[in-house]
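# Inside the fold
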Amino acid sequence: MNSILSLVLPFFAASPAPANAPLFGDAPAVQAPARDPLLGGPVKVDGKEIPELSLKRFLAHSVGWKQSDRDKFEIILTAELERRQAAGEDVSRLRPTKEDIDAKIEKDRVDFLLKYPTLDFATEVGRAYLSLDLYREQAAQAMLFDRVFTPEDPDQWPPLTREIVTAEGQGTGLIDDAKESYEARKQRALDEGLPEIPPDDPIWVEYLRGIVIESLLQFSAIETNAEKLPADVLLTIDGRPVTVEQVYQRIRPHVTVDLAADARKFLAIKALVEADLAKKGVLESRADFEKNFAPEESFQDTMMRFQMLAMSVQGFPSMEAWVDYTRWFRSFQKTIADDLKDDAKLLTVLGPCNAITAAAKVNVEVILASAYDDAHVRWKDNGWAYAEQRAKEIRKELDAGADWKTTLENKSEFWDPPMPEIGQKPQFGFNFKGMFGEQTRNQLLTYMRESEYRIFLDASSVTDYIFFKQRPGSIEGPLKGARGYYISRVTGTTPPTKPLNMKDPKHRELVETHYSREKFNAYVQDLLAKAIAERRVEGL
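Residues numbered from 1 in each chain as written. Predicted model: local features only at pLDDT ≥ 70, side-chain atom pairs only at ≥ 80, totals over all residues. Heavy atoms only, no water.

### Here's the deal with the overall build of the chain
Assigned secondary structure in the chain consists of 21 helices and twelve strands. What you see for the chain is a C-alpha radius of gyration of 26 Å, in line with the 24 Å of a compact globule of 540 residues. Along the first, second and third principal axes, the C-alpha atoms of the chain reach 70 × 55 × 55 Å. Here the chain, with 540 residues, has 46% of them falling under the buried criterion. Residue pairs in contact within the chain that sit at least 24 positions apart in sequence constitute 72% of those at least 6 positions apart. Carbon and sulfur atoms make up 52% of the accessible area of the chain, which amounts to about 26900 Å² in all. (Helix = DSSP H or I, 4+ residues; strand = E, 2+ residues; numbered from the N terminus. Rg over C-alpha atoms; globule rule 2.2 N^0.38 Å. Buried < 20%, exposed > 50% of the residue type's maximum accessible area, 1.4 Å probe, protein only. Contact = heavy atoms within 4.5 Å. Areas by Shrake-Rupley, 256 points an atom, 1.4 Å probe, with all protein chains shown as cover.)

Here it is as structure tokens:
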């Protein structure tokens, strides 16, 4: 599970206020260092150095994606406040004070500790929002957003919110329900002598925020394509810029060496792949991709629609990385067009494709020797060396006859937070020390902290080894993976629920995509390995 601090502010993320319109005081000028040692030395591809600003851009879009989202909303909020102020409204009453924010954070802290008294609030805030300071900024923005667009009393909703809610509910029914709830809660406060009106149903509150936010984004012109922006600008919204440094300097304390290495590798791959595909005359430009990928809607709407698939399911660190990957993948498919017409070649991947798409399962338990300290959200000192040595020792004990179940229970380092002491008990997302039981391939990917993106970048997958290659009844490992070294025991498998039929166009498309993805990932890794061997790539 990514975070147990999901009780507050799921729609917002902390980041610096735009320099042209700070919400709380004057925004300090952001000064970029001459060269950031965190990002490592120069990376060169075919003699051309990847600009450090490109590395920062990648990290600002990935590590800082919530922060850049927050900047988008800040610009929207600022524009709305400017409009109201110009119309004569006193907008100062809408701005949360330091005391308001302090009270909100303290309430969140108290509520959290009631549920999880053994956990550290600041650590769990950091797990979800990078740091307590960024979470504080996020809370401030969420409070301002609610006061501007969704105040407690529906009679005070601005015309834009009423228009959005009316369109969503195909009439005034949702507004009428909100009024009824508000009046009932106000009466309850009077009857019970409460100091404030009780909060509304949190599910309704998040739903209301969600539809308003989605509509506001659709009303705004957002540009993230680096080809259309100045080198130092990360994105614009309605023409107003958010700079790379503005986001990067805020998230820099949370950029670890491995994240910087991922950025370096991805951008080296980008340079190699685009040069090679362009040389072959098949590279789809960003402009053509935006026009052709989903021509029935705006590209901005497409990005919003695919965000969950790209980042939550496929594990891409940002939508910009997903766009690059998807554009390259589509371009590469043109080079294997004849293969995709050849049934004999497609049949070579029919089995694994069928296992994934038709929910074949493996019954597996995994012991993790972890290089990462999940409880404190950080890499261990000398973590990889520690994990490798510990895993070798565990395997030696197992080979000498140690009981598997006892060894897993005592030595596996998969981490789970405690169950909440009050409120609803979560049913999903727990690792149970690695006793996973029956899992589909994609479910196992999640437990192993792997994804389609990581398979593309790393050219390896512990999950796929276990799922496709490990024999029932065997113990394998140690295998190096995302967070350490893994030792796995497979006790059984379940076949796919339904076979794929190559004569069915939809089934054939699934097989073609699987075949293309395997070929593309191999192509990328071969291209990179060859370039490194020939010293066309330096610095990785």
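### As for the pattern of salt bridges
Between side chains of opposite charge, a pair can form when the charged atoms approach closely. Taken as a whole and judged by the stated rule, the model has 56 salt bridges. When the shortest N-O distance is used, the salt bridge between Lys179 and Asp155 registers 3.5 Å. In this pair, Lys179 sits in helix H7 (residues 173-192) while Asp155 sits in the loop between helix H5 (132-149) and helix H6 (159-169), placing the two residues 24 residues apart along the sequence. With a relative accessible area of 28%, Lys179 lands in the partly exposed category. Arg395 is paired through a salt bridge with Asp399; the nearest N and O atoms lie 2.9 Å apart. Of this pair, Arg395 and Asp399 both sit in helix H16 (residues 383-399), separated by four residues, roughly a single helical turn. You can call Asp399 exposed: its relative accessible area is 56%. Residues participating in the shared-partner salt-bridge network are Glu80, Arg83, Arg84, Glu89 and Arg93. (Salt bridge = Lys/Arg side-chain N within 4 Å of Asp/Glu carboxyl O.)

### Regarding the pairing of strand S10 (residues 475-480)
With four bridges connecting them, S10 and strand S11 (residues 484-494) associate as antiparallel partners. By the bridge assignment for S11, Lys480 is matched with Tyr485. (Pairing = 2+ DSSP bridges.)

### Some thoughts on the sheet that holds strand S2 (residues 48-49)
The antiparallel open sheet is built from three strands, whose spatial order is S2-S1-S12. Every other strand in the sheet has two partners, leaving S2 and strand S12 (537-538) as the edge strands with one partner each. Direction of pairing for strand S1 (residues 44-45) relative to S12: antiparallel, over a ladder of two bridges. Looking across to S12, one finds that Val45 is bridged to Val537.

### Things to note about the packing of helix H4 (residues 121-129) against H5
The contact between H4 and H5 brings their axes to 8 Å, and the two run at 70°. In terms of axis orientation, H4 runs roughly perpendicular to H5. Between H4, through Phe121, Val125 and Tyr129, and H5, the contact on the second element is made entirely by Leu132, Leu134, Tyr135 and Gln138. Among the residues making up the contact of H4 with H5, the classes are represented as six nonpolar, one polar and no charged. (Axes fitted to C-alpha atoms, helices over the stretch in contact; angles between N-to-C directions. Parallel < 35°, antiparallel > 145°, perpendicular 65-115°, else oblique. Nonpolar A, V, L, I, M, F, W, Y, C, P; charged D, E, K, R; others polar.)

### Considering H7
For H7, with 20 residues, the first-to-last C-alpha span of 29 Å sits near the 28 Å given by 1.5 Å per residue. For H7, the complete set of buried residues consists of Leu174, Ile175, Ala178, Ser181, Tyr182, Arg185 and Ala189. Around the axis of H7, the buried residues are gathered within 125° of arc, so they sit on the same side. Exposed and oriented more than 90 degrees from the buried face of H7 are Glu180, Leu190 and Asp191. Those residues of H7 that are buried are in contact with H6 and helix H8 (202-219). Gly193 occupies a position one or two residues after H7 and carries a positive phi of about 65°. (Expected span 1.5 Å × (residues − 1). Arc of directions from axis to C-beta.)

### Topic: the sheet that holds strand S4 (residues 233-237)
Pairing is antiparallel in the open sheet, where three strands are placed in the order S3-S4-S5. The sheet terminates laterally at strand S3 (222-223) and strand S5 (240-243), the two strands that pair on one side only. Across two bridges, the pairing between S3 and S4 is antiparallel. Bridging from a neighbouring strand, Glu223 pairs with Thr236 of S4.

### Structural notes on unusual backbone geometry
Cis peptide bonds are those with omega within 30 degrees of zero, and the linkage from Gly477 to Pro478 qualifies with 10°. The topology assignment puts Pro478 in strand S10. Although it is not a glycine, Asn382 adopts a positive phi angle of roughly 50°. If you trace the backbone, Asn382 turns up in the loop between strand S8 (378-379) and H16. The exposure class assigned to Asn382 is exposed, which follows from its relative accessible area of 65%. Located in the positive-phi region is Lys433, a residue other than glycine, with phi close to 65°. Position of Lys433 relative to the elements: it lies in the loop between helix H17 (404-411) and strand S9 (435-440). Since its relative accessible area comes to 28%, Lys433 is described here as partly exposed.

### A short note on the packing of aromatic side chains
By the definition in use, this model includes 35 aromatic pairs. Taking 6.2 Å as the distance between ring centres and 50° as the angle between the ring planes, the aromatic pair formed by Phe414 and Tyr486 counts as tilted. Within this pair, whereas Phe414 is found in the loop between H17 and S9, its partner Tyr486 is found in strand S11, the two being separated by 72 residues in sequence. In this structure Tyr486 comes out as buried when scored by relative accessible area, which is 1%. Clustering of aromatic rings is evident, with ring pairs tying together Phe58, Phe266, Phe316, Tyr325, Trp328, Phe329, Phe332, Tyr453, Phe456, Phe520 and Tyr523. It is Lys480 that lies over the ring of Trp384; its NZ or CZ is 4.9 Å from the centre. When the ring centre of Tyr372 is taken as origin, the NZ or CZ atom of Arg483, which lies over that ring, is 3.9 Å away. (Phe/Tyr/Trp six-rings, centres within 6.5 Å; stacked < 30°, edge-to-face > 60°. Lys NZ or Arg CZ within 6 Å of the ring centre and 35° of its normal.)

### So, the environment of Leu208
Within the secondary structure layout, Leu208 lies in helix H8. Given the relative accessible area of 6%, Leu208 is considered buried. It is 7.9 Å that separates the C-alpha atoms of Leu208 and Thr150, two residues lying 58 residues apart in sequence. Setting aside chain neighbours within four positions, we find Leu208 in contact with Thr150, Trp157 and Val165.

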